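What follows is each chain in one-letter form.
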Amino acid sequence: MRRNTLPRNHPTTPETLGFESHDHRNCIAGSVGAAERHCAQAGVQLTPIRRRVLEILLERHQAMGAYDILDQLREEGLRSQPPVAYRALDFLVQHGFAHKIERLNAFTACALPGQDHAPVFLVCRLCRAVAETVTHGQGVSEAAEIAGFEVERVVVEAEGICPNCRPEASA
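Thresholds applied
Residue numbers run consecutively from 1 along every chain, following the written order of its sequence. Local features are withheld for residues below a pLDDT of 70 in this predicted model, meaning they are given only at 70 or higher, and side-chain atom pairs are given and counted only at 80 or more; totals for whole chains, interfaces and linings count all residues. The basis for every side-chain value is the complete set of heavy atoms in the structure, and neither hydrogens nor water enter the calculation. Note on conventions: DSSP H or I runs of at least 4 residues are helices, E runs of at least 2 residues are strands, and numbering of each starts at the N terminus. For the exposure calls, accessible area comes from a 1.4 Å probe over protein chains only, and a residue counts as buried if that area is under 20% of its type's maximum, exposed if over 50%, partly exposed in between. Using a 1.4 Å probe, accessible areas were evaluated by the Shrake-Rupley method; residue-level cover was limited to the displayed protein chains. Take the buried residues of types Ala, Val, Leu, Ile, Met, Phe, Trp, Tyr and Cys, join any two whose side-chain atoms come within 4.5 Å, and each joined set is a nonpolar core. Note on contacts: a residue pair qualifies if any of its non-hydrogen atoms lie within 4.5 Å across the two residues. Pairing of aromatic rings covers Phe, Tyr and Trp, the last counted by its six-membered ring, and requires centre-to-centre distances within 6.5 Å; plane angles under 30 degrees mean stacked, over 60 mean edge-to-face, and any other angle means tilted. Only Lys NZ and Arg CZ are tested; either one counts as a charge over a ring when it is within 6 Å of the ring centre and within 35 degrees of the ring normal. To get an axis, fit a line to the C-alpha atoms, keeping to the stretch in contact for a helix; angles then go from 0 to 180 degrees between the N-to-C directions. Relative orientations are named as follows: roughly parallel for angles under 35 degrees, roughly antiparallel for angles over 145 degrees, roughly perpendicular for angles from 65 to 115 degrees, and oblique for any other angle. In this scheme the crossing of two helices becomes right-handed for a clockwise turn of the near helix relative to the far one and left-handed for an anticlockwise turn of less than a right angle. Criterion for a salt bridge: a side-chain nitrogen of Lys or Arg within 4 Å of a carboxyl oxygen of Asp or Glu.

## Some details on the overall build of the protein chain
Helix and strand counts for the protein chain come out as six helices and five strands. The N-to-C order of helical and strand elements in the protein chain reads α-α-α-α-β-β-β-β-α-β-α. With 171 residues in all, the protein chain has 39% of them scored as buried. A total accessible area of about 10100 Å² is found for the protein chain, and carbon and sulfur atoms account for 49% of it.

## Some remarks on unusual backbone geometry
You will see that asparagine 105, though not glycine, has its phi angle at about 50 degrees, which is positive. Mapped onto the fold, asparagine 105 is located in the loop between β1 (98–101) and β2 (106–109). The backbone of arginine 128 sits at a positive phi, close to 65 degrees, despite the residue not being glycine. Of note, arginine 128 is situated in the loop between β3 (118–124) and β4 (130–135).

## Let's talk about the nonpolar core
Counting 26 residues, the largest nonpolar core has Val53, Leu54, Leu57, Leu58, Ile69, Leu89 and Leu92 as its most contacted members. Mapped by element, the contributors of at least two residues to this core are α1 (24–42), α2 (48–60), α3 (66–75), α4 (82–94) and β2. In contact with leucine 89, other than residues within four places in its own chain, are Val53, Leu57, Ala66, Ile69 and Phe107. Residues Ala63, Ala106, Val123 and Val130 belong to the second largest nonpolar core, which totals six residues.

## Here's the deal with the packing of aromatic side chains
Here the structure, examined in full by the defined rule, presents one aromatic pair. Between tyrosine 67 and tyrosine 86 the ring centres are 6.5 Å apart and the planes differ by 80 degrees, which places this aromatic pair in the edge-to-face class. Note that tyrosine 67 is positioned in helix α3 and tyrosine 86 in helix α4, a separation of 19 residues in sequence. Given a relative accessible area of 36%, tyrosine 86 falls into the partly exposed group. The positively charged end of arginine 50 is found above the aromatic ring belonging to phenylalanine 91, 3.8 Å away from the centroid.

## Details of the packing of α2 against α3
Contact pair α2 / α3: the axes reach a minimum separation of 11 Å and the direction vectors enclose 110 degrees. Classified by the angle their axes make, α2 and α3 are roughly perpendicular. Of the two possible hands of crossing, α2 and α3 adopt the one that is right-handed. Every residue of α3 that contacts α2 at Arg52, Val53, Ile56, Leu57 and Arg60 is listed here: Ile69, Gln72 and Leu73.

## What to know about the pattern of salt bridges
Counted by the stated rule, this structure contains six salt bridges. Of the charged contacts, one joins arginine 103 and glutamate 159 as a salt bridge, the two residues approaching to 3.2 Å between their closest N and O atoms. With arginine 103 in the loop between β1 and β2 and glutamate 159 in strand β5 (residues 156–160), the pair connects residues that are 56 residues apart, well separated along the chain. Residue classification places arginine 103 among the exposed residues on the basis of a relative accessible area of 54%. Taken together, the shared-partner salt bridges connect Arg52, Glu55, Glu59 and Glu76 into one network.

Here it is, written out as structure tokens:
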């Protein structure tokens, strides 16, 4: 399996980019901790189901549909009706702990929880792994400003082949 070999401090591979190997325990703990802090400050609840859905997204680092998440919840003996997953996902997206990958109608955990950013998603068409990096949306913002339009949200999704799947694609 091929891994991203560029150094961590390389300007085009921020630490949050999701294709390199990393410590999932640290990744999950950091994101869940950020969610807990945000919820405490905002006066909202990170219920056990919301927490588990976030953990499932963090464990996979893949775009997952609501029914994929429901299957996982069902396997774990948790409530598994569609509204349960959709409500949890809506909460996580609303509070910036997950993103919807529009093209796939699927969800992924946010790599930069609690930070205001314009994400760029790199989606592997073979394994559905999702890496998140950021842009500051300058091109879009400048064009919108000329048109008198106020940008509230920018989402960029690029589909291709991740470094881990590239050898499979050429075989």
